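# Working through the structure, step by step
What follows is each chain in one-letter form.
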Amino acid sequence: PDLTIEKANEIFDKIETEKDIADLFAIVDNKAWWIEDEEYDFEEGTEEHREAVERTDMWFALSDKLRNMIFDILKHEGVEIPDKGQIVVLEPFMKRNGFRDGQGWWIKE
């Protein structure tokens, strides 16, 4: 919960293994969805709402970069990435790296 986007980006820059990608993806993706809810705490058009949207966008941007790294690994393994329903390829990757899908949340096994 105390991880900042700046620290998450520092960790991203030091990724060395597939497991590193999965670990950071689980944390970042979970956090992105968790803080996204903050947007609804503020009236649209206010400074607070704009800042909440900006924070959410930064977390989802990092999540997308990590997801794309996962997809690159899977493509090299011959896995076809669907346009929709991508959980069907993400789930086995995350499972082999110690996570399970807990109905939208990545849970460490």
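For the structure itself, consult the block above.
Below: a short report on this structure. Owing to the predicted nature of the structure, the values given are computational and were not obtained by experimental measurement.

Definitions and cut-offs
- Residues numbered from 1 in each chain as written.
- Predicted model: local features only at pLDDT ≥ 70, side-chain atom pairs only at ≥ 80, totals over all residues.
- Heavy atoms only, no water.
- Helix = DSSP H or I, 4+ residues; strand = E, 2+ residues; numbered from the N terminus.
- Buried < 20%, exposed > 50% of the residue type's maximum accessible area, 1.4 Å probe, protein only.
- Areas by Shrake-Rupley, 256 points an atom, 1.4 Å probe, with all protein chains shown as cover.
- Lys, Arg positive; Asp, Glu negative; His and termini not counted.
- Charge placed at Lys NZ, Arg CZ, Asp CG, Glu CD.
- Core = buried A, V, L, I, M, F, W, Y, C linked by side-chain atoms within 4.5 Å.
- Contact = heavy atoms within 4.5 Å.
- Salt bridge = Lys/Arg side-chain N within 4 Å of Asp/Glu carboxyl O.

Moving on, we come to the overall build of the protein. If you tally the helices and strands in the protein, you get four helices and two strands. Sequence-ordered secondary structure for the protein, helices as α and strands as β, is α-α-α-α-β-β. Dimensions of the protein, computed from the C-alpha atoms along their principal axes, are close to 45 × 30 × 25 Å. Out of the 109 residues in the protein, the part that is buried amounts to 35%. Of the roughly 7100 Å² that the protein leaves accessible, carbon and sulfur atoms contribute 51%. In the protein, 14 side chains carry a positive charge and 29 a negative one; their mean positions are 6 Å apart.

On to the nonpolar core, then. Core analysis: the largest hydrophobic core is formed by 26 residues, its most contacted members being L66, I70 and M94. If you list the elements that add at least two residues to this core, you get α1 (5-13), α2 (18-36), α3 (47-76) and α4 (87-96). Of all the elements, α2 adds the most residues to this core, at eight residues. The contacts of L66, once residues within four sequence positions are left out, are F12, I15, I21, L24, F25 and V28.

The next subject is the pattern of salt bridges. A complete count under the given rule lists eleven salt bridges for this structure. Taking the shortest distance from any N to any O, the salt bridge between E18 and R96 comes out at 2.8 Å. Of the two residues, E18 sits in helix α2 while R96 sits in helix α4, which places them 78 residues apart along the sequence. Residue classification places E18 among the partly exposed positions, given a relative accessible area of 23%. Of the charged contacts in the structure, one is a salt bridge between R96 and E77, with a shortest N-O distance of 2.8 Å. Placement of R96 in helix α4 and of E77 in the loop between α3 and α4 is noted, with a sequence separation of 19 residues between them. Assessed through its relative accessible area of 42%, R96 is described here as partly exposed. Salt bridges here are not isolated pairs; linked through shared partners, they connect E18, E77 and R96.

Along the chain, the position of D72 falls in helix α3. Here the alpha-carbon distance between D72 and I87, two residues 15 residues apart in the chain, equals 15 Å.

Let us look at the side chain of T56. One can find T56 in helix α3. Leaving out residues up to four positions away in the same chain, T56 has contacts with A32, I35, E36 and E39.

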